[in-house]
Number of protein chains: 2
Amino acid sequence: MTSAESGLPGIPGPTAAGRSKASGTAGTALGSAARLRVATPSVADRVAAELRLQLAEGLLLPGARLTESTISEELGVSRNTIREAFAELAAERLVVRHPNRGVFVATLGPGEIHDVYTVRRFIEVSAIRGGGSPERVAAVRAAVEEGKAAAAADDEEALGSANQHFHGAIVALAESRRLNAIMAQVLAEMRLFFHKATVDAHFYRSYLDDNEKICKALEAGQLDRAGDLLLAYLNNSEEKQRGVHGD
Amino acid sequence: MTSAESGLPGIPGPTAAGRSKASGTAGTALGSAARLRVATPSVADRVAAELRLQLAEGLLLPGARLTESTISEELGVSRNTIREAFAELAAERLVVRHPNRGVFVATLGPGEIHDVYTVRRFIEVSAIRGGGSPERVAAVRAAVEEGKAAAAADDEEALGSANQHFHGAIVALAESRRLNAIMAQVLAEMRLFFHKATVDAHFYRSYLDDNEKICKALEAGQLDRAGDLLLAYLNNSEEKQRGVHGD
DNA sequence: AATCTCAGAATTGTTCAACAATTCTTCAAT
DNA sequence: ATTGAAGAATTGTTGAACAATTCTGAGATT
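A brief structural summary. Since we're looking at a predicted model, the values are computed, not measured.

### What to know about the side chain of glutamate 88 of chain B
Note on placement: glutamate 88 of chain B falls in helix H4 (residues 79-91). Once residues within four sequence positions are removed from consideration, glutamate 88 of chain B is found in contact with Ala44, Asp45, Ala48 and Arg52 of chain B.

Okay, structure coming up:
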């Protein structure tokens, strides 16, 4: 694609406000039909979602600059709307605003990585120590199996996802909307610097055993033990990350 | 004030872009002089800060609607900028966006209150169990004394602030930027529903003893005991809140 | 060659005005 | 009382404009 007109996923056609673009009526019928009763996310939200996706896929590397006009053209959305999306992403720390200089993909130095792991230690360990309903525990188990399957299929990408699902499921034990949101945000931040150093096969694979053990302890109701294992895992993981990245 | 031109604190004079408003040159000199080397926060940020303040002071009660045009006029800021500020506040959960209907001050039902306390239990208890440097412990002590002074002066407002400082100081033990930010956000949410029911003098005052005990345990290095006390305090506090608000 | 300076280009910050889409109001008709 | 249909108000989004700031690249200076 060279000069995209509407690069946004979801609802296809732009409705063309402004005073330009003769605004062909084609597609309008389908658009209103599809909008059954679900509140359509705003364009700004969709832009934010799209950028979040590109961030997660490593298409936008840390430190990269996000120029308003470029994205505006690329996505066929006005600059003002882009700015609204930026405000969202900045609040999520995925992106940093330098006044008068622009927004950049967040870069996580050694200190920041430690900070992220501190949050994870606090939340994940507390969550697992609190246990959870059988359904939630089953979800943790499912994530473990998902990881095994990915390993068997030699799918690195899926392995990484499974690992994140595992940790997400652990926090979900607490059944807290806010904790889930916080964890999701932290995991999104982590994806950011996962792309910097290409992780080798052994990197993720070594986690599988840990996850299995943690899950088993959880299922057996040995919550303190599960917490200790998880804590050790997180410490170990941080050390490895620290090794891979600067310092 | 009837038709405010620049209701924003901080940097006084609006620079008047657009094509209107003859833009008197008065005040410009002082403005640039004051902007020594500190990155001036954007207007959107200042709007968000102002709204955050009004929210904290109970000037904007939960459920209240924030109309773009009204705030735009009131603060002498364009609608687009207001929207950017809204995006910030929505990300902080202080405000909720109903598509095509507007933004409203967030309301916290019983479930939400429980959720907020869940986050606090996770973070605060973990933080105090981890202990902290002498300086950070001293900061906790300072918050306790601040509360005592406020009680002696019969200053309800200050008592509330001191209490929040106390809990903020506990999280600060962990020396984590992100945890501090999360806690600040949660406390901001709590301020939201504190204004609903006017808390009587005994409400806060009963906390003073708890805080003192917790602080003493912390200073004595009895971290587990401090954690237990804090946990009990939080459970008790949640129950009281639940009693005051619609159950 | 290294660096300083300064005009011009590019970009961000902010505003205004317009209009489509949606929601809210009002008021009559059944 | 319920329904329905103008009409008013508000949000969502755009495009254009311009001030302020930062970036860039030649020359000029040491």
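### Some thoughts on the pairing of strand E3 (residues 102-105) of chain A
As a general feature of sheets, a regular strand has side chains that alternate between the two faces. All names here are of chain A. Relative to E3, strand E1 (residues 65-66) is paired through two bridges, and the arrangement is antiparallel. The residue of E3 that forms the bridge with arginine 65 is phenylalanine 104. Here strand E2 (residues 95-98) runs beside E3; their pairing, made up of four bridges, is antiparallel. Its bridge partner being in E3, valine 96 is matched across the sheet by phenylalanine 104.

### Details of the interface of chain A and chain B
Taken together, the 28 residues of chain A in the interface contact 28 residues of chain B. Interface area for chain A against chain B, summed over the two sides, is near 2500 Å², with a carbon-plus-sulfur share of 55%. Three residues, Glu84, Phe122 and Arg178 of chain A, lead the burial of chain A against chain B; their summed loss comes to 30% of the area buried on that side. The interface formed by chain A and chain B includes 12 salt bridges. A salt bridge links aspartate 115 of chain A to arginine 178 of chain B; the nearest nitrogen and oxygen atoms lie 2.9 Å apart. For the side of chain A that touches chain B, the secondary-structure elements that each account for two or more residues are helix H4 (79-91), helix H5 (110-129) and helix H8 (177-194) of chain A.

### Here we look at the protein's contact with DNA strand D
Contacts to DNA strand D come from 24 residues, most closely from Val43, Asn80, Thr81 and Arg101 of chain A together with Arg83 of chain B. Counting only the atoms of DNA strand D that lie within 4 Å of the protein, the sugar and phosphate share comes to 71%. Between a base oxygen of DNA strand D and a side-chain N or O atom of asparagine 80 of chain A, the distance comes to 2.7 Å. Taking threonine 81 of chain A, its side chain carries an N or O atom lying 2.4 Å from a phosphate oxygen of DNA strand D. Contributions of two or more residues to the surface near DNA strand D are made by helix H2 (43-56) and H4 of chain A together with H4 of chain B. Looking at the surface near DNA strand D residue by residue, the class counts come to five nonpolar, 11 polar and eight charged.

### Considering the relation of the copies chain A and chain B
With an axial shift of 0.0 Å and an RMSD of 0.1 Å, the rotation relating chain A to chain B amounts to 180°. Those values place the two copies in the arrangement expected of a two-fold rotation axis. Residue glutamate 84 of chain A of chain A places its C-alpha closer to the rotation axis than any other residue of that unit, at 2.6 Å. A share of 100% of the interface residues of chain A reappears at the interface of chain B, consistent with the copies meeting face to face through the same patch.

### Some points on the layout of surface pockets
The space that makes up the second largest pocket amounts to roughly 610 Å³. For the lining of the second largest pocket, the secondary-structure elements that each account for two or more residues are H5 of chain A together with helix H5 (110-129) of chain B. Per-element tally for the lining of the second largest pocket: the top contributor is H5 of chain B, with eight residues. Looking at the lining of the second largest pocket residue by residue, the class counts come to 10 nonpolar, seven polar and five charged.

### Section: the pattern of salt bridges
What the rule picks out here adds up to 48 salt bridges over all chains. Here glutamate 112 of chain A and arginine 178 of chain B are joined by a salt bridge, their closest N and O atoms 3.1 Å apart. In this pair, glutamate 112 of chain A sits in helix H5 while arginine 178 of chain B sits in helix H8 (residues 177-194), so the two residues belong to two different chains. A single burial state applies to glutamate 112 of chain A and to arginine 178 of chain B, both of which are buried. For arginine 83 of chain B, the salt bridge identified is with glutamate 68 of chain B, shortest N-O distance 3.0 Å.

### Here's the deal with the protein's contact with DNA strand C
If you check the shell around DNA strand C, you find 25 residues, and the closest are Arg83 of chain A together with Val43, Asn80, Thr81 and Arg101 of chain B. The sugar-phosphate portion of DNA strand C accounts for 73% of its atoms within 4 Å of the protein, the bases making up the rest. Between a sugar or linking oxygen of DNA strand C and a side-chain N or O atom of arginine 65 of chain A, the distance comes to 3.2 Å. Contact distances for DNA strand C include 2.5 Å between a base nitrogen and a side-chain N or O atom of asparagine 80 of chain B.

Criteria and cut-off values
Per-chain numbering applies: the sequence of each chain, read as written, is numbered from 1 onward. Chains and ligands are labelled by the order in which they are written, letters from A for the one and numbers from 1 for the other. Residue-level local features of this predicted model are given only where pLDDT is at least 70; pairs of side-chain atoms are given and counted only at 80 or more, and the full residue set underlies all totals for whole chains, interfaces and linings. Where side-chain values are given, they derive from all heavy atoms of the structure, hydrogens and water being excluded. Secondary structure elements are defined from DSSP: runs of H or I of at least 4 residues count as helices, runs of E of at least 2 residues count as strands, and each element is numbered from the N terminus. The contact criterion used is simple: two residues touch if any of their non-hydrogen atoms lie within 4.5 Å. Strands pair, by our definition, only if DSSP identifies at least two bridges between them. The quantity reported as buried area is the accessible area (1.4 Å probe) lost by two parts once they are put together, taken as the sum for both. Basic side-chain nitrogens of Lys or Arg form a salt bridge, by our definition, when they fall within 4 Å of a carboxyl oxygen of Asp or Glu. We define proximity as follows: a residue is near a molecule or strand when any one of its heavy atoms falls within 4 Å of that partner. Residues adjacent in sequence count toward polar contacts only when both atoms are side-chain atoms; beyond that, a polar contact is any pair of N or O atoms within 3.5 Å, and within protein one must be able to donate a hydrogen and the other to accept it. Polar here means any residue outside two lists: the nonpolar Ala, Val, Leu, Ile, Met, Phe, Trp, Tyr, Cys and Pro, and the charged Asp, Glu, Lys and Arg; Gly therefore counts as polar. Only residues with pLDDT of at least 70 in both copies count here: their C-alpha atoms drive the least-squares fit that superposes the copies. Cavity and pocket criteria rest on a 1 Å grid covering protein atoms alone: a 1.4 Å probe that fits but cannot get out defines a cavity, protein on both sides within 12 Å along at least 5 of 7 lines defines an open pocket, and an atom within 4 Å of a point defines a lining residue. Grid points are joined across faces, edges and corners, and a volume is the space filled by probe spheres set on the points. Exposure categories follow from relative accessible area, calculated using a 1.4 Å probe and restricted to protein chains: below 20% of the type maximum is buried, above 50% is exposed, and the middle band is partly exposed.

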